[in-house]
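Below are the chains, spelled out letter by letter.
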Amino acid sequence: METQFKEVEVVNRKTSFTVKDLAVRLLALALTLVATVLLGVDKETTTVSVKLVSSLPPVDLPVTAKWTQMSAFVFFVIANAIACSYGAASLILILVTRGRNKLVPIMVTILDLVMVGLLFSGVGATSSIGVIAYKGNSHVQWDKVCNVFDKFCQQVAIAIFMSFAGGIAYLLLIVLAALKLHK
Amino acid sequence: MSSIDAAEAPLKSSATPPPEYKSSMGLVVDVALRVLLFGTGLVAIIVMVASKQTKMIPVAPGIAVPLDAKFSHSPAFIYLVAALSVACLYSIITGVLSVLAFVRGGTSTKLQFHFVMFDALLLGIVAAATGAAGGVAYVGLKGNSHTRWNKICNTYGSFCFHFAASILLSLVSSITLLLLVWLSLYMLSKKIARR
């Protein structure tokens, strides 16, 4: 009788979710949403004076920096959008089937780990492009662009930081799931 | 070694806790995955480090200067080599720990929990390295007209091939780390169900 009671207790603890889990999931959802929106609406137009012909005075050309121009930024926005919608879907799924379904926590933990990998690779890609845009690379003759597009670069940096925090939140969810199994 | 055994024998009940559960199949798969992680990481590092290529680049009409392309020219590639070295060292340490657990007869929840934590952390690091190198490699392959960054893969073909192979191998490493975390979580859950 004693062992039966203990088994039931353990099974209940494995399939139910605490408020801590839901709070961290909501935080991850919010952070990835902010990161997606920050880079998704990032656009800056400045004028650059270019000397086309040496005899004429320099011409002011409008140049635009947008996130769609760089494939690493596109990957970042898509990865954060996927992580955000997955966070919303998993939060709703957990709240709807609270403790009743045994398959949901397993699937959610498996997909949480995939989100960690996706988010961190997006952060890595964007920050490597950002470092080249900020400092340039003299060996391959790639000039820095952040001196021209200052606000754009700052917004990218904030978005990277938000996405990194979102990745850490998903990592925390994995550790919480492992702690729940460990006890 | 024998003196340690003799000192351990009377304290065996309190100092060395017996393995909590047997999971030989899981540990064999664990060690195999860690060997795979070590192998792909090492090959990726070697391919990246040995990728130097020198070509004669015409800088002015009639004058050609030998310019080389090395992995150390880009901070993203340096980070990739560093992250993969950490992954290789980590795979050696945890592979030895897994083999020791297998020899001892079983594993403990504490070990599996630590595996989950550090494997997931390393997954983040290696995935970031793969993404960083992949981003730079894509710009090197296709160029970017908006920022006027010219592609380099038409001149340095062998260098491009080397870092493409290295990035593919580091992708395999990160997928291996993903499988390792899934395996450790599965072994942790099996322990609860058995009890």
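Residues numbered from 1 in each chain as written. Chains lettered and ligands numbered in written order. Predicted model: local features only at pLDDT ≥ 70, side-chain atom pairs only at ≥ 80, totals over all residues. Heavy atoms only, no water.

- Chain B goes by CASP-like protein in an unreviewed UniProt entry, where it is assigned to Mikania micrantha.
- UniProt annotates chain B under Subcellular location (unreviewed entry) with the comment "Cell membrane".
- As its UniProt record puts it under Sequence similarities (unreviewed entry), chain B is described as follows: "Belongs to the Casparian strip membrane proteins (CASP) family." (UniProt positions renumbered as here; feature names shortened; annotations may be inferred.)

- The name given to chain A in an unreviewed UniProt entry is CASP-like protein, with Mikania micrantha as the source organism.
- If you open the UniProt record of chain A and go to Sequence similarities (unreviewed entry), you find "Belongs to the Casparian strip membrane proteins (CASP) family."

1. Regarding the overall build of chain B
Then comes step 1: When its secondary structure is counted, chain B shows five helices and two strands.
Then comes step 2: Reading chain B from its N end, one meets helices and strands in the order α-α-β-β-α-α-α.
Then comes step 3: Across the 195 residues in chain B, those meeting the buried criterion constitute 46%.
Then comes step 4: When contacts within chain B are restricted to residue pairs at least 6 apart in sequence, long-range pairs at least 24 apart make up 77% of them. (Helix = DSSP H or I, 4+ residues; strand = E, 2+ residues; numbered from the N terminus. Buried < 20%, exposed > 50% of the residue type's maximum accessible area, 1.4 Å probe, protein only. Contact = heavy atoms within 4.5 Å.)

2. Re the UniProt feature "transmembrane region" (unreviewed entry) in chain B
All names here are of chain B.
Then comes step 1: Sites flagged by UniProt as "transmembrane region" (unreviewed entry) map to residues 31-51, 76-103, 115-141 and 161-188.
Then comes step 2: Structurally, residues 31-51 is divided into 90% helix and 0% strand, and its ends, taken at the C-alpha atoms, are 30 Å apart.
Then comes step 3: As a span, residues 161-188 carries 100% helix and 0% strand, and end to end its C-alpha atoms are 41 Å apart.

3. Focus: the nonpolar core
Then comes step 1: The biggest cluster of nonpolar side chains holds 93 residues, and the ones touching the most others in it are Leu39, Phe73 and Tyr170 of chain A together with Phe77, Trp149 and Phe163 of chain B.
Then comes step 2: Those elements that place two or more of their residues in this core are helix H2 (19-40), helix H3 (71-96), helix H4 (103-135) and helix H5 (150-182) of chain A together with helix H2 (24-49), helix H3 (75-104), helix H4 (109-142) and helix H5 (157-194) of chain B.
Then comes step 3: A per-element tally of this core places H5 of chain A first, with 14 residues.
Then comes step 4: With residues up to four places along the chain from it excluded, the contact list for Phe73 of chain A reads Leu39, Trp67, Thr126, Ile129, Phe152 and Val156 of chain A. (Core = buried A, V, L, I, M, F, W, Y, C linked by side-chain atoms within 4.5 Å.)

4. What about the environment of Val123 of chain A?
Then comes step 1: You can see Val123 of chain A is positioned in helix H4.
Then comes step 2: Those residues in contact with Val123 of chain A that lie beyond four places of it in its chain are Phe76, Ile160, Ser163 and Phe164 of chain A.

5. Considering the side chain of Gln53 of chain B
All names here are of chain B.
Then comes step 1: Within the element layout of this structure, Gln53 appears in strand E1 (residues 53-60).
Then comes step 2: Looking at Gln53, the relative accessible area reads 12%, which means it is buried.
Then comes step 3: Within the local environment of Gln53, its side chain forms a polar contact with the backbone nitrogen of Ser158, the two atoms lying 3.4 Å apart.
Then comes step 4: Contacts of Gln53, omitting those with residues within four sequence positions, involve Leu67, Asp68, Ala69, Tyr156, Gly157, Ser158 and Phe159. (Polar contact = N/O pair within 3.5 Å; in protein donor to acceptor, adjacent residues only side chain to side chain.)

6. Focus: the environment of Phe161 of chain B
Then comes step 1: When you line up the elements, Phe161 of chain B lands in helix H5.
Then comes step 2: Separated by 77 residues in the primary sequence, Phe161 of chain B and Leu84 of chain B place their C-alpha atoms 19 Å from one another.

7. Let's talk about the side chain of Thr109 of chain A
Then comes step 1: Mapped onto the secondary structure, Thr109 of chain A falls in helix H4.
Then comes step 2: Assessed through its relative accessible area of 15%, Thr109 of chain A is described here as buried.
Then comes step 3: Discounting chain neighbours no more than four positions away, the residues touching Thr109 of chain A are Ile174 and Ala177 of chain A together with Leu185 of chain B.

8. What to know about H4 of chain B
Residues and elements named next belong to chain B.
Then comes step 1: The first and last C-alpha atoms of H4 sit 48 Å apart over 34 residues, in line with the 50 Å expected at 1.5 Å per residue.
Then comes step 2: Of all 34 residues that make up H4, 24 are buried, and the element is covered over most of its length.
Then comes step 3: A positive phi of about 75 degrees marks Gly143, the residue just after H4. (Expected span 1.5 Å × (residues − 1).)

9. Things to note about the packing of aromatic side chains
Within a pair of aromatic rings, the relevant descriptors are the distance that separates the centres and the angle that separates the planes.
Residues and elements named next belong to chain B.
Then comes step 1: Enumeration over the complete set of coordinates arrives at seven aromatic pairs over all chains.
Then comes step 2: On the basis of an interplanar angle of 75 degrees and a centroid distance of 6.4 Å, the ring pair of Phe77 and Phe159 is categorised as edge-to-face. Here Phe159 lies in helix H5 and Phe77 lies in helix H3, a separation of 82 residues in the sequence. The burial state of Phe77 is the same as that of Phe159; both residues are buried.
Then comes step 3: Aromatic side chains Phe159 and Phe163 sit 5.1 Å apart centroid to centroid with 90 degrees between the ring planes, which places their arrangement in the edge-to-face category. (Phe/Tyr/Trp six-rings, centres within 6.5 Å; stacked < 30°, edge-to-face > 60°.)

10. As for the UniProt feature "transmembrane region" (unreviewed entry) in chain A
Residues and elements named next belong to chain A.
Then comes step 1: Per the UniProt entry, the sites bearing "transmembrane region" (unreviewed entry) are residues 22-41, 72-96, 108-134 and 154-179 in this numbering.
Then comes step 2: Secondary structure content for residues 72-96 is 100% helix and 0% strand, and the end C-alpha separation is 36 Å.
Then comes step 3: In the segment residues 108-134, helix accounts for 100% and strand for 0%; the C-alpha atoms at its two ends are 38 Å apart.

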